[in-house]
Every structure is written in C-alpha cells, then in structure tokens.
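Tertiary structure, described
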Amino acid sequence: SNMKKMENRIASADSELEIEIRRNEELSKEIKDASQRENEHSTQIKRLQSDVASANEEKVKMAAELDALACLERDIREQLETSEDEKTSLQEETTELQSHLFEANSDKDSLSRELED
C-alpha cells in the first residue's frame, strides 16, 4: 500500500514534470516568436528612419530649389522694371523727337511761305 502510494506520487510528479516541460517549451517558443517580431519591428524602424532621412534630404533640396527660383523671379522682375523704365524713356524720347519734327515741319512750312511771298 505504501508502495502504491509512492508509485502514485511518482506518477503524479512525473505528470506535473511533463506539464512543466511542455509549459517551458511553449514559453520558449513564445520568447522565440517575440524575439523574431522584435527583429522585424527593428528592421521596419530602420527602414522608416531611412525613409525619413531621404525625405529630409529631398526637403532640403526642394528648399534650395525654391530659393533659387525665388532669386530667379527677383532677377526677372528687376529686368522687367528696367525694361519698363527703358520703354518709358524711349517713349519720352520719341515724343520729344516728334515734337522737334513737328517744329521743323512748321519752320519748313513757314520758310516755304516766306519764299513764296
């Protein structure tokens, strides 16, 4: 009877030990899976960091291009203003020359009349 009790206790201990071994195996697998997920997440984070760095480089390039375009626009506006000033100046000269031409024609007509008289 004592022997039977001992056998039962040993069988019970064996059963508990098997349960613990299975539990440890399951936990080991969960740890391995979690570690694999952690590696995948780490890889994703590195990829995202690389994407952010690339986007920042692109942003810096675009800012430089926008600055260059703003300078070009400023230069073109200055040239347009200069052209407008030159145009105004030429119009004034043309008006002045037309006025001189009108005076010269008047003088010519006046001289022609004097000669006829």
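Figured I'd write up the structure that's included with this text. Throughout, a residue's number is its position along its own chain's written sequence, starting from 1. Local features are withheld for residues below a pLDDT of 70 in this predicted model, meaning they are given only at 70 or higher, and side-chain atom pairs are given and counted only at 80 or more; totals for whole chains, interfaces and linings count all residues. Excluding hydrogens and water, the side-chain values take into account all heavy atoms of the structure.

What to know about the overall build of the chain
Stated formally: By the criteria applied, helices consist of DSSP H or I runs no shorter than four residues and strands consist of E runs no shorter than two, each listed in order from the N terminus. For this measure, only C-alpha atoms enter the radius of gyration; the expected value for a globule follows 2.2 Å times N^0.38, where N is the number of residues. Burial classes follow relative accessibility: with a 1.4 Å probe on protein chains only, a residue under 20% of its type's maximum area counts as buried, one over 50% as exposed, and anything between as partly exposed. Every accessible area reported is derived by Shrake-Rupley at a probe size of 1.4 Å, with residue values counting cover from the shown protein chains alone.
Looking only at helices and strands, the chain features one helix and zero strands. On C-alpha atoms alone, the chain measures out to a radius of gyration of 50 Å, which is more than a quarter above the 13 Å that the 2.2 N^0.38 rule sets for 117 residues. For the C-alpha atoms alone, the extent of the chain along its principal axes is close to 170 × 15 × 10 Å. Residues counted as buried form 0% of the 117 residues belonging to the chain. Put simply, the chain shows about 11200 Å² of open surface, and 53% of that area lies on carbon and sulfur atoms.

Considering a nonpolar patch on the surface
Defined as follows: Each patch is built from residues that are more than 30% exposed by relative accessible area and take part in no salt bridge. Like charges join if they lie within 9 Å; nonpolar side chains (Val, Leu, Ile, Met, Phe, Trp, Tyr) join within 5 Å. In what follows, salt bridge is the name for a side-chain nitrogen of Lys or Arg lying within 4 Å of a carboxyl oxygen of Asp or Glu.
A contiguous nonpolar patch, built from Leu66, Leu69, Leu72, Ile76 and Leu80 and spanning about 500 Å² of accessible area, is present on the exposed surface. Mapped onto the elements, isoleucine 76 comes out in helix 1 (residues 2–116). When its relative accessible area of 42% is taken as the criterion, isoleucine 76 is described as partly exposed.

Let's talk about the pattern of salt bridges
When the charged atoms of two side chains lie near each other, side chains of opposite charge can form a pair. Counted by the stated rule, this structure contains three salt bridges. Arginine 77 is the partner of glutamate 73 in a salt bridge, and the nearest nitrogen-oxygen pair spans 2.9 Å. Of this pair, glutamate 73 and arginine 77 are both found in helix 1, four residues apart, which corresponds to roughly one turn of the helix. We classify glutamate 73 as partly exposed; its relative accessible area is 40%.

Remarks on the environment of aspartate 14
Position of aspartate 14 relative to the elements: it lies in helix 1. Relative accessible area serves as the criterion here: at 40%, aspartate 14 is assigned to the partly exposed category. Spatially, the C-alpha atoms of aspartate 14 and glutamate 73 are 87 Å apart, while their sequence positions differ by 59 residues.

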